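Commentary on secondary and tertiary structure
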Amino acid sequence: MAQDNLTAVLYKTKDLRLEQTPIPEIKDDEVLLRMDCVGICGSDVHYWQSGACGHFVLKDPMIMGHEASGVVAKIGKNVKNLQVGDRVAIEPGVPCRYCEFCKTGRYHLCPDIEFCATPPFHGNLARYYKHAADFCYKLPDHVSMEEGALLEPLSVGIHACRRGGVTAGDVVLVLGAGPIGLVTMLAAKAMGASKILITDILESRLETAKQLGADHTILVSRDSNEAELVKKVHELLGEHPNISIDASGAQSTVRLALLATKSGGVAVLVGMGSSELTLPLAGAVAREVDIRGIFRYVNEYPIALSLVASGKINVKPLVTHHFALEETLEAYEVARKGLGIKVMIHVQPRDSNNPTKF
Ligand code: 572
Ligand code: ZN
């Protein structure tokens, strides 16, 4: 019988199936990975529910998953950085390495980047998956496979903070306390922010944010008055935030970010819900608020790993639900309902690749 390679394949909108696929053959600079943990990202749910995320559209069946860790099962003959048995976090975007963006260090902007589970490229929610060896990061023994998978969303938060220039003493406003808002808050704290205020529309998420170290929270609702919200942000912080990071993408939160940021500060926009928004730009421009976009992350996996390995960031509380690979459809259903924070799929029995007790 052929070896088991149970794989989660999205055929089309709302048609996610578990089926056997061939175990990939590796090239000389690649490794074959026995997958361990794969988290579910908002984009996975988008592809599943609508067949698209932003300008990326599903055309052919696609293997899901990009927040992942695994164990090296085989190495290509040119691979020097890894050995069979190494436990690794997988950076899901592999760029061309030759273009202007790659050569100048901003490889995340490479137009030919192959990013897991972004059409037309397959992801890694399978028993076996192959990846470029230099985009795999060996985990120290005391870092769990779950933490390895969580380096992916954490890298987004670190990138957002680095784009905002977060450093010691900064006063930071984070809009949205979903998984990306929370990792952004954790990154901002680790980078030395002195005060962090986080907003959301769900009290449960704000409770999690408080447990993870938010200094202040604001529960926003559809009928919140914008001017009053701005005033409340300033009152709670006792000053104006010099950096605002929108991790929600809603027009109302992007507007709040621009209005609340201190003159001369920075507003970072992590995600955009729709491609066009109505924003109070004139005021932001006249007050020299720098508006910066972000696209995933770049050179941030090693930083994320060192922050987790040193204990400066604890990502473990983000995982609220656990499922086995065979339960992928139930796991996606929980993620769709937005019941918790991070839903983790265990391709191998939980903790079987964690050498120390966690
Ligand atoms: O974990 C990083 C990540 N980035 C995603 C999707 C999922 N996970 N992006 C896809 C969508 N884009 S986008 O189309 N957009 C802003 C909606 O450019 C951003 C990156
Ligand atoms: Zn993602």
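Everything here concerns the structure above.
The structure reproduced in this document is the subject of the present report. (Residues numbered from 1 in each chain as written. Chains lettered and ligands numbered in written order. Predicted model: local features only at pLDDT ≥ 70, side-chain atom pairs only at ≥ 80, totals over all residues. Heavy atoms only, no water.)

1. Overview of helix α4 (residues 179–190)
Using the following cut-off: Segments assigned H or I by DSSP are reported as helices when at least four residues long, segments assigned E as strands when at least two residues long, and all are numbered from the N terminus. The span expected for a helix works out to 1.5 Å for each residue beyond the first. Only protein chains enter the area calculation, which uses a 1.4 Å probe; residues under 20% of their type maximum are buried, those over 50% are exposed, and those in between are partly exposed. Should any heavy atoms of two residues lie within 4.5 Å, those residues are considered in contact.
Compared with the 16 Å implied by 1.5 Å per residue over 12 residues, the 17 Å span of α4 between its first and last C-alpha is a close match. For α4, the complete set of buried residues consists of G181, L182, V183, T184, M185, L186, A187 and A188. Of the surrounding secondary structure, the elements contacted by the buried residues of α4 are α3 (145–164), β13 (171–175), β14 (195–200), α5 (203–211) and β16 (243–246).

2. Examining the pattern of salt bridges
In plain terms, the rule: Any carboxyl oxygen of Asp or Glu that lies within 4 Å of a side-chain nitrogen of Lys or Arg is treated as forming a salt bridge with it.
Summed over all chains, the structure comprises 18 salt bridges. The partner of R127 in a salt bridge is D4, with the nearest N and O atoms 2.6 Å apart. Of the two residues, R127 is situated in the loop between β10 (114–115) and β11 (128–132) and D4 in the segment before β1 (6–12); the sequence distance between them amounts to 123 residues. D28 is the partner of K77 in a salt bridge, and the nearest nitrogen-oxygen pair spans 3.0 Å. Taken together, the residues span a long stretch of sequence, with K77 in the loop between β7 (67–75) and β8 (87–90) and D28 in the loop between β2 (15–20) and β3 (30–39) at a distance of 49 residues. Accessibility expressed as a relative area gives 67% for K77, which makes it exposed. Linked through salt bridges whose partners overlap, the residues forming this network are D4, R127 and E326.

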